[in-house]
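# A look at the structure
Chain by chain, the residues run as shown.
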Amino acid sequence: MENADANKFFASYLKKNAVEALTISRMQELIEYFMESAARLCVSKCIDGRVHGSKGKGRPPKSVTFFRGEGNIVDVGPRNAAFWDRLYKVILDAKMNTPGTPALYIALGHKSHSGRGCAKHESQDEVALATVMMQAHRLRQQTNPDELYVIHGMTETDYMSECYHFPDGKKTVIDTAKIIEGLKNTIRNPDDVFQEGFLSQPISDPKIAKWIDGKTAGDLLDGRKGYAMFNSLQYGIAMETLLMRSIAGIAASKGKVNKVIHPELFKIVWGKLNNIKGLPEGLRGSLLYQIIFNIAYSLYKRKQIPNMSQEERVKELDHGEELICFGDGFELLSRNSAILAKIGRGDNTEALRTAQNVWKHRFGETKTPKIHMNIEVPGKITSWNSFTSYVLNKLETMRAEVIEVFGTNVHIMATYSYEDRKMFLPVQTLIYGRQSIDEKRVFPMNIVEGMQSHEYTESNLVLRERDYAAAICAA
Ligand SMILES: [Zn+2]
């Protein structure tokens, strides 16, 4: 029964992923359009599921590079090659595609007013903040601000507001919760963040209009219509693109032409950004967008949470994770749905042990952990050799690490995904080792079922992936 339930859980989880992955594949052109105006962004965070994802910053899937560690303790020293490989990739992307604008790095801790703060720091917000401040400081010592601009801050996980600390000598802080508090008589709802004309006018940009079914920005921000912008992946990406491009336009006019943001709010945020000494000009538009978006998102959360049932609210504010995700490529998962154990820090079993502690904290000793291992492939797989160099060998190592930490009493699923597509493709590990997980506890799907080594060609794999996507979406 328990095994059947776990498999059912994995199947519906895969279906949700496949539907969303197909949506972002279809919207690839729009995501690129968003990126034309956006600074490249890296974010380091805690592994806590409540701070998962890029929603609170208004970034479409795939547009943020994440780093994770318990309590956001990340080794940024020169010997952590996995960290630097990933960071240099983003800096190189900025050099090539946003010349003159450095990549932005934000080190974030987290806190909560209603429930638990960061478990790693025993809910001591000052320690969580000091940790990210130190990380930002160490990174600045090793990088050039014209290539990588580093800030730190905190996410407040009840309403997802964010607070950013800038390295300008004046210790400038921009805290969206404080801005909301200061304007509480004028800005109460997400749509109050924007101007009436912007909300009501038809969206004329054809690249964006084709995704919004004739709706206006006001419709997509309307609570009576379900805050569609925050609850639909498609409308969300369309609105993010509209806002990013409109707000980048404001920054390009040096703040002179603003037909989008509530004037009083704009004055406050733009004034603060302009006063930050040494802030690269090219980052102003992206930061203005991110801050304005976060204010609208946090106002949405303030409306949504009081309307939840007691049970929903506990899950929203406290840990609500249903499985442990081990590896990379989990950006499409919704916030607070998974405990994340990231690879590439040298010792993966340490990340798994922390994930195990969070699981025990949430479920006690009784519930068998559900573990999803995923390998993200940056390029293509064209042969059996590349499949066993980039996918299967890594999944085998991860399987052994899982057994090392959890023993064999786990429900497990192995998948890989392509960096640009985000669809989990289930496979089976093949090695038994000294100790193996009972096959009844292994999710049984396998997209390469029955393939011989010479059949691992790119075109065969694409066909298998397509068949899988069609089957899982129809299930
Ligand atoms: Zn934490």
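### Considerations on the sheet that holds strand β4 (residues 148–156)
Strands sit in the order β2-β1-β3-β4-β5-β6 across an open sheet of six strands; the sheet is mixed. Of all strands in the sheet, those with a lone pairing partner are β2 (64–68) and β6 (173–175), marking the two edges. Going across the sheet, the axis of each strand differs from the next one's by a mean of 20°, ignoring polarity. Sitting on the sheet, helix α4 (residues 125–142) touches β1 (41–45), β3 (103–111), β4 and β5 (161–165), and the angle it makes with β3 is about 165°.

### Points about the pairing of strand β9 (residues 370–377)
With eight of its eight residues buried, β9 lies for the most part within the structure. The alternating pattern of β9 places Lys370, His372, Asn374 and Glu376 and Ile371, Met373, Ile375 and Val377 on opposite faces, both of which are buried. Where strand β7 (residues 323–327) lies against β9, four bridges are found, and the strand directions are parallel. Across the sheet, the residue bridging to Phe326 is Met373, located in β9. Across eight bridges, β9 lies against strand β10 (residues 411–418) in parallel orientation. Within β10, the residue paired with Asn374 across the bridge is Thr415.

### Looking at α4
End to end, α4 covers 26 Å across 18 residues, agreeing with the expected 26 Å (1.5 Å per residue, within 8%). Every buried residue belonging to α4 is among Ala128, Leu129, Thr131, Val132, Gln135, Ala136 and Leu139, and all of these are buried. What you see down the axis of α4 is that its buried residues fit within an arc of 155°, all on one side. In this structure, α4 carries Glu126 and Gln141 as exposed residues pointing more than 90 degrees from its buried face. Packed against the buried residues of α4 are β1, β3 and β4.

### Considerations on the sheet that holds strand β8 (residues 338–341)
The mixed open sheet is built from five strands, whose spatial order is β8-β7-β9-β10-β11. Strands with a single pairing partner mark the edges of an open sheet, and in this sheet they are β8 and β11 (425–427). Going across the sheet, the axis of each strand differs from the next one's by a mean of 30°, ignoring polarity. Examined bridge by bridge, β7 and β8 share four bridges and lie parallel to one another. Across the sheet, Phe326 pairs through a bridge with Ala341, a residue of β8. Each of β7 and β8 is contacted by helix α14 (residues 348–363), which is oriented at about 160° to β8, the strand it contacts most. Against the sheet, helix α16 (residues 392–406) touches β7, β9 and β10, its axis set at about 155° to β9.

### Quick notes on the packing of α14 against α16
Where α14 meets α16, the axes come as close as 9 Å, and the angle between the chain directions of the two elements is 50°. Accordingly, the angle class assigned to the pair α14 and α16 is oblique. Between α14 and α16 the crossing geometry is right-handed. Along its contact with α14, which presents Asn348, Thr349, Leu352, Arg353 and Gln356, the element α16 presents Glu401, Val402, Glu404, Val405 and Phe406. Across the contact of α14 with α16, the residue classes tally to four nonpolar, three polar and three charged.

What counts and how
- Residues numbered from 1 in each chain as written.
- Predicted model: local features only at pLDDT ≥ 70, side-chain atom pairs only at ≥ 80, totals over all residues.
- Pairing = 2+ DSSP bridges.
- Helix = DSSP H or I, 4+ residues; strand = E, 2+ residues; numbered from the N terminus.
- Axes fitted to C-alpha atoms, helices over the stretch in contact; angles between N-to-C directions.
- Contact = placed C-beta atoms within 7 Å.
- Buried ≥ 20, exposed ≤ 12 C-beta atoms within 10 Å, placed from the backbone.
- Expected span 1.5 Å × (residues − 1).
- Arc of directions from axis to C-beta.
- Parallel < 35°, antiparallel > 145°, perpendicular 65-115°, else oblique.
- Left-handed = near helix turned anticlockwise from the far one by under 90°.
- Nonpolar A, V, L, I, M, F, W, Y, C, P; charged D, E, K, R; others polar.

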